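# An overview of the molecular structure
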Amino acid sequence: MLLHPRGLAPRIVNLDEWAWHVIDGLRDESVRNSNRALTELVAELEGMVPDRPRQAGPDYLGFAVPLRLRTERGELRLLSTLTHFGTAVDVTLAELKLEAFLPLDQETAALLADAMDGRR
């Protein structure tokens, strides 16, 4: 849904760069934990997204690619953080991953705050 052309993809300003960042992460995960379904998902996603950019864009941070999302209120620039609960103590938490998107700049923080104020 995130990278599908009829999903969120048309709203992602830097789709070429961000999509490959996501796909590369999934590919790395499939190498660490051999999983046929994940390998098939990577192949499917590769066919949905634009070609890989020849060079990193100005937003590339080396370890992350900000998500630039087009909204009715303006463009949001978000940094994704991923928390992985990898302990095998509790099997229900062994593969739990939580992803959060944080504002990358003051403009995005203000847009998100205004959106929350508008919902109250």
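Before reading further, recall that the structure is shown in the block above.
Structural notes, computed from the coordinates. (Residues numbered from 1 in each chain as written. Predicted model: local features only at pLDDT ≥ 70, side-chain atom pairs only at ≥ 80, totals over all residues. Heavy atoms only, no water.)

## Quick word on the pattern of salt bridges
Enumeration according to the criterion identifies six salt bridges in this entry. Among the salt bridges present, the one from Asp24 reaches Arg27, with a minimum N-O distance of 3.0 Å. One end of the pair is Asp24 and the other is Arg27, both in helix 1 (residues 15-32) and three residues apart, which spans about a single turn. By relative accessible area, which is 28% here, Arg27 ends up partly exposed. The partner of Arg77 in a salt bridge is Asp105, with the nearest N and O atoms 2.9 Å apart. In this pair, Arg77 is assigned in strand 2 (residues 74-85) and Asp105 in the loop between strand 3 (96-103) and helix 3 (106-119), connecting sequence segments 28 residues apart. What makes Arg77 partly exposed here is its relative accessible area of 23%. Counted as one network, the salt bridges with shared partners bring together Asp24, Arg27 and Glu46. (Salt bridge = Lys/Arg side-chain N within 4 Å of Asp/Glu carboxyl O. Helix = DSSP H or I, 4+ residues; strand = E, 2+ residues; numbered from the N terminus. Buried < 20%, exposed > 50% of the residue type's maximum accessible area, 1.4 Å probe, protein only.)

## Overview of the environment of Ala9
Looking at the secondary structure, you find Ala9 in the segment before helix 1. In the structure, Ala9 is positioned 60 residues away from Leu69 in sequence and 9.2 Å away in space, judged by C-alpha atoms. The residues contacting Ala9, other than those within four sequence positions of it, are Leu2, Leu3, His4 and Leu15. (Contact = heavy atoms within 4.5 Å.)

## Overview of helix 1
Helix length check: helix 1 (18 residues) gives 25 Å between terminal C-alpha atoms against 26 Å at 1.5 Å per residue, within 8%. Considered for burial, the residues of helix 1 that qualify are Leu15, Glu17, Trp18, Ala19, Trp20, Ile23, Glu29 and Ser30. Close packing links the buried residues of helix 1 with helix 2 (36-46), strand 1 (67-71) and strand 3. (Expected span 1.5 Å × (residues − 1).)

## Some remarks on the nonpolar core
In this structure, Leu3, Ile12, Leu15, Trp18, Ile23, Val49 and Leu67 are the most contacted members of the largest nonpolar core, which totals 16 residues. Only helix 1, helix 2, strand 1 and strand 2 provide two or more residues apiece to this core. The element that contributes the greatest number of residues to this core is helix 1, accounting for five residues. Sequence-distant contacts of Leu3, defined by excluding residues within four places in its chain, comprise Ala9, Leu15, Trp18, Ala19, Val22, Ile23, Leu45, Met48 and Val49. (Core = buried A, V, L, I, M, F, W, Y, C linked by side-chain atoms within 4.5 Å.)

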